[in-house]
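Chain by chain, the residues:
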Amino acid sequence: MSDIRHLIRTSDFSTQEIITLFHNALHYKQLLMSKTPTHQPLKHKNVITIFFENSTRTLSSFELAVKNLGGDILRLDVSRSSTSKGETISDTAANLNAMNPDAIIIRHRNAGAGYYLSAHVNCPIINGGDGAHSHPTQALLDLLTIIEHFGLEELQTLKNADTIAPFAPLDSIKGKKIAIVGDVVNSRVANSNIELLTRFGMEVILVAPPHFLPQTSLRTSDNLKAIAQEVDVIMSLRTQTERHDQVIYGSLKDYASRFCVTKEIVGNNPCIILHPGPVHRNIDIDDEVLKDSRSKVLEQVTNGVCVRMAALDFLIA
Ligand code: ASP
């Protein structure tokens, strides 16, 4: 069996590996914040990014992460690549592999694209989002943002621990409640977070109108106002209109009237508010809440670069 590691789903990393990854990510964060140059573990390493779906944050975050570690990026322009001329993805993969890259980061509209690619190449594949299936680095950066707020000290005490519990390793996170709000059924971000956050012992509550809920054994609700008072974290999601074959709701305005995270909804709850971006302002979260100190949306973006640096370092270097 090949010993090449990939990051397709959050379950590809053990809990112990994730704790180590977070320590490294926070180390990188400190260096970046103080503008101290990092060591260059990706020097002379070539990383290909190939994104078949639009992206602002994830693509630039990965590319910056590679550069921060001294690596080189080759961004394949999909609109000009041969897949748009009818080449199959396995042929594209074979050709990319023949260039001997040190890793390939892929985003694709089809669930499973990363797995498929991983069977055809000799380097780590990192999934930058595949359909509604999985977005592992997003969930990792979300969890790091939650831990930074509720459990940073405890995380630090685990630095030299020999063994880490595979389930709920941090008491400060265990039992914390998170409401994941919005188009859960079409969200790869929700999927990856459900696996990861429940593994860390959090209680996940899915809050959405019925047509946005998957079949699930998790607690669900369509009453954001009530749930918002009892949770520690609210994660709002964008309505994934590009994944709807038909319009199954009245309008985004109707949706917003019940599911937009507003000051009134949040009240005085000292929770934190997350969103993977891009935010539909005043539909997912209103302007006022985005400015509130409880909103960690930009902190998530900062943490994204650091988590991706740690993941690249782990998988390649
Ligand atoms: N940026 C996230 C993703 O790629 C969330 C979103 O697009 O709504 O899944």
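Residues numbered from 1 in each chain as written. Predicted model: local features only at pLDDT ≥ 70, side-chain atom pairs only at ≥ 80, totals over all residues. Heavy atoms only, no water.

(A) Spatial organisation of the overall build of the chain. Along its length, the chain carries twelve helices and nine strands. Against the 2.2 N^0.38 benchmark of 20 Å for 317 residues, the chain shows a C-alpha radius of gyration of 19 Å, consistent with a compact globule. With respect to the principal axes defined by its C-alpha atoms, the chain has extents near 55 × 50 × 35 Å. Looking at the chain residue by residue over its 317 residues, the buried ones come to 54%. Of the accessible surface of the chain, which amounts to about 14,200 Å², a share of 49% is contributed by carbon and sulfur atoms. Here the chain contributes 31 positively and 34 negatively charged side chains, and the mean placements of these two sets differ by 4 Å. (Helix = DSSP H or I, 4+ residues; strand = E, 2+ residues; numbered from the N terminus. Rg over C-alpha atoms; globule rule 2.2 N^0.38 Å. Buried < 20%, exposed > 50% of the residue type's maximum accessible area, 1.4 Å probe, protein only. Areas by Shrake-Rupley, 256 points an atom, 1.4 Å probe, with all protein chains shown as cover. Lys, Arg positive; Asp, Glu negative; His and termini not counted. Charge placed at Lys NZ, Arg CZ, Asp CG, Glu CD.)

(B) Up close: the pairing of strand β8 (residues 233-236). Here β8 shows two buried faces, one formed by Val233 and Met235 and the other by Ile234 and Ser236. Examined bridge by bridge, strand β5 (residues 177-181) and β8 share four bridges and lie parallel to one another. Pairing of Val181 across the sheet is with Ser236, part of β8. Bridge analysis of β8 against strand β9 (residues 272-274) gives three bridges, and the strand direction is parallel. Bridge pairing links Met235 to Leu274 in β9. (Pairing = 2+ DSSP bridges.)

(C) Region of the structure containing the sheet that holds strand β4 (residues 125-130). Pairing in this open sheet of four strands is parallel, and the strands run β2-β1-β3-β4 from one edge to the other. Only two strands of the sheet have a single neighbouring strand rather than two, namely β2 (72-76) and β4. The average undirected angle you get between the axes of adjacent strands in this sheet is 15°. With four bridges joining them, strand β3 (residues 103-108) and β4 adopt parallel strand pairing. Residue pairing across strands places Ile106 opposite Asn127, the latter belonging to β4. (Axes fitted to C-alpha atoms, helices over the stretch in contact; angles between N-to-C directions.)

(D) Spotlight on the sheet that holds β8. Overall, parallel pairing links the five strands, which are arranged β7-β6-β5-β8-β9 in an open sheet. Only two strands of the sheet have a single partner each, and these edge strands are β7 (219-221) and β9. The mean inter-strand angle of the sheet, taken between neighbouring strand axes irrespective of direction, is 25°.

(E) Up close: the pairing of strand β1 (residues 46-51). For β1, the tally of buried residues reaches five of six residues, placing the bulk of the element in the interior. Bridge count for β1 against β2 is five bridges, and the pairing is parallel. When the sheet's bridge partners are listed, Ile48 is paired in β2 with Leu74. Across five bridges, β1 lies against β3 in parallel orientation. When the bridges of β3 are listed, Ile48 appears paired with Ile104.

(F) Here's a closer look at the packing of aromatic side chains. Applying the stated criterion across every chain, the model contains three aromatic pairs. With a centroid separation of 5.2 Å and 80° between ring planes, the pair formed by Phe13 and Phe314 is classed as edge-to-face. One end of the pair, Phe13, is in the segment before α1 (15-33); the other, Phe314, is in helix α12 (residues 297-316), with 301 residues separating them in the sequence. For Phe314, a relative accessible area of 39% translates into the label partly exposed. Relative to Phe259, the ring of Tyr255 lies with its centre 5.3 Å away and its plane at 20°, an arrangement referred to as stacked. Taken together, the residues span about one helical turn, with Tyr255 and Phe259 both in helix α9 (residues 252-259) at a distance of four residues. Residue Tyr255 is classed as buried on the basis of its relative accessible area of 7%. Put simply, the rings of Phe212, Tyr255 and Phe259 pair up and form one aromatic cluster. The aromatic ring of Phe62 is capped on one face by Arg308, whose charged end is 4.9 Å from the ring centroid. (Phe/Tyr/Trp six-rings, centres within 6.5 Å; stacked < 30°, edge-to-face > 60°. Lys NZ or Arg CZ within 6 Å of the ring centre and 35° of its normal.)

In short, the description is geometric, and any link to function would need to be established separately.
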